[in-house]
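Spelled out from the first residue to the last, the chains are:
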Amino acid sequence: MSLKSNIHSENLPKHIAIIMDGNGRWAKKKGFLRALGHENGTRSVKTTVECCVELGIENLTLYAFSTENWNRPKLEVKTLMQLLISSLKKEMNTLQKSSIRLNAIGNLEHLPAKVRKELLHVIDKTKGNSRMTLTLALSYGSRDELVNATKLICDKVKNNIISAENIDETLINQHLYTQNLPDVDLLIRTSGEKRISNFLLWQIAYAELYFTDELWPDFSKESLYKAIHSFQSRERRFGKTSEQLKS
Ligand code: FPP
C-alpha cells in the first residue's frame, strides 16, 4: 500500500516548513563537489513543491539560505545564488500552471541585485495565484527578524502611531517577515541534525517537529508522506489536557 493512502485529507498541516540540510554530505559521500549536492537539492525542492500541491498543503516554507550562510566560501555562496536565479527562471511556468504564489522572507536587501530582481519579478507575476504559497527563506535569520520587528514597533511607538500598552502577540506577528502566513504546523529537518538553526523561532511555538536521517537530495515524495503521517498520528494539545480535547 502506498504511504500516500495513509494520509487523511481532513487533518493536513496548513503550513509545512523545511530545513533542507545535507546537500554537502550527500555530495561528499558520492565523491562529488558540494555544488552538485546543491544542484541535486533543487530536484528535491521541485518534488516537494509538486507533492505539497497535489496533497492540498496551503503553505510551504523552505530554508534556502540563512543569514549565517553568508560566511560560507565565496564560491559556494555564488553557486547557491546562481542556482536560485536559474531555478526561478526555469520554474516560473510551473508556478503559474499550478497556481503557486511565490513569497520570500529574510533580509532581501542583502541579496545580489540580480537575484533580488529575478525574485521580485517572479513574486510579482505569481501574486494572484491561490493554490499554495511557497515561501523561500533567503538571507533569513529568526533573530534578525525579531530585531527588525522590534525596531519597526519601537518606531511606531516613538511616532505615536501605537502605544506600548497595545503591543501583543498579534501586533508582533504583523511585524514579522511572515506577517501573512499562519503558524507552522509541521517542521521537517533532514540529514539527522536535531537543531532549529535560527529558523522561524516565533512561528514554530506549537509546531510538530520531524527529523529524518535522509540527506536533502534523497528526500522524496514518500519521505514527505512519512513526515505527514507522523504529524497526523500525534495529539496536538496546545497546552490543554487530552481529556479536554476529547470532550
Ligand atoms: C544545506 O545543506 C543546504 C543549503 C544551505 C542550501 C539549500 C539550497 C538548495 C536546496 C538549493 C537551492 C534552493 C532553491 C529554493 C532553488 P548543507 O550545504 O549545509 O549540507 P551539509 O550540512 O551536508 O554540508
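This report concerns the structure included in the present document. (Residues numbered from 1 in each chain as written. Predicted model: local features only at pLDDT ≥ 70, side-chain atom pairs only at ≥ 80, totals over all residues. Heavy atoms only, no water.)

Points about the side chain of Ser223
(1) Moving on: Note on placement: Ser223 falls in helix α7 (residues 221-232).
(2) Moving on: With a relative accessible area of 4%, Ser223 lands in the buried category.
(3) Moving on: A polar contact of 2.8 Å, which involves the side chain of Ser223, links it to the backbone nitrogen of Ser220.
(4) Moving on: Once residues within four sequence positions are removed from consideration, Ser223 is found in contact with Glu214 and Asp218. (Helix = DSSP H or I, 4+ residues; strand = E, 2+ residues; numbered from the N terminus. Buried < 20%, exposed > 50% of the residue type's maximum accessible area, 1.4 Å probe, protein only. Polar contact = N/O pair within 3.5 Å; in protein donor to acceptor, adjacent residues only side chain to side chain. Contact = heavy atoms within 4.5 Å.)

Regarding the packing of aromatic side chains
(1) Moving on: All told, the structure shown has eight aromatic pairs when counted by the stated rule.
(2) Moving on: Relative to Tyr177, the ring of Tyr140 lies with its centre 6.3 Å away and its plane at 65°, an arrangement referred to as edge-to-face. Highlighted residues: Tyr140 in strand β4 (residues 132-140) and Tyr177 in the loop between α6 (169-174) and β5 (186-189), separated in sequence by 37 residues.
(3) Moving on: Judged by its relative accessible area of 0%, Tyr140 is buried. (Phe/Tyr/Trp six-rings, centres within 6.5 Å; stacked < 30°, edge-to-face > 60°.)

Overview of the pattern of salt bridges
(1) Moving on: Here the structure, examined in full by the defined rule, presents 16 salt bridges.
(2) Moving on: Put simply, Arg25 and Asp21 hold a salt bridge, and the shortest N to O gap is 3.3 Å.
(3) Moving on: Overall, Asp21 belongs to the buried group, its relative accessible area being 17%.
(4) Moving on: A salt bridge links Lys46 to Glu50, with the nearest nitrogen and oxygen atoms 3.6 Å apart. With Lys46 and Glu50 both in helix α2 (residues 34-55), this residue pair falls four residues apart, about one helical turn.
(5) Moving on: For Glu50, a relative accessible area of 32% puts it in the partly exposed group.
(6) Moving on: Salt bridges sharing common partners tie together Asp21, Arg25, Arg189, Glu193 and Arg195. (Salt bridge = Lys/Arg side-chain N within 4 Å of Asp/Glu carboxyl O.)

What about helix α1 (residues 23-30)?
(1) Moving on: Of the positions making up α1, those classed as buried are Asn23, Gly24, Trp26 and Ala27. Along the axis of α1, the buried positions cluster into a sector of 160°, meaning they face one direction only. Of the residues in α1, the exposed ones pointing more than 90 degrees away from the buried face are Lys28 and Lys29.
(2) Moving on: Those residues of α1 hidden inside the fold are in contact with α2. (Arc of directions from axis to C-beta.)

Comments concerning the pairing of β5
(1) Moving on: Residues Leu186 and Ile188 line one face of β5 and the alternating positions Leu187 and Arg189 line the opposite face, and both faces are buried.
(2) Moving on: Here β5 pairs with strand β6 (residues 208-211) via four bridges, running parallel. Pairing of Ile188 across the sheet is with Tyr210, part of β6. (Pairing = 2+ DSSP bridges.)

Considerations on the nonpolar core
(1) Moving on: Among the nonpolar cores identified, the biggest contains 44 residues, and Ile16, Leu60, Leu134, Ile188, Leu224 and Ile228 are the most heavily contacted of them.
(2) Moving on: A total of eight residues in this core trace back to one element, the largest contributor, which is helix α3 (residues 74-97).
(3) Moving on: Residues contacting Leu224, with those up to four places away along its chain left out, are Ile16, Thr48, Cys51, Cys52, Leu55, Ile188 and Phe219.
(4) Moving on: Judged by nonpolar contacts, the second largest core, of twelve residues, contains Leu187, Phe199, Leu200 and Ile204. (Core = buried A, V, L, I, M, F, W, Y, C linked by side-chain atoms within 4.5 Å.)

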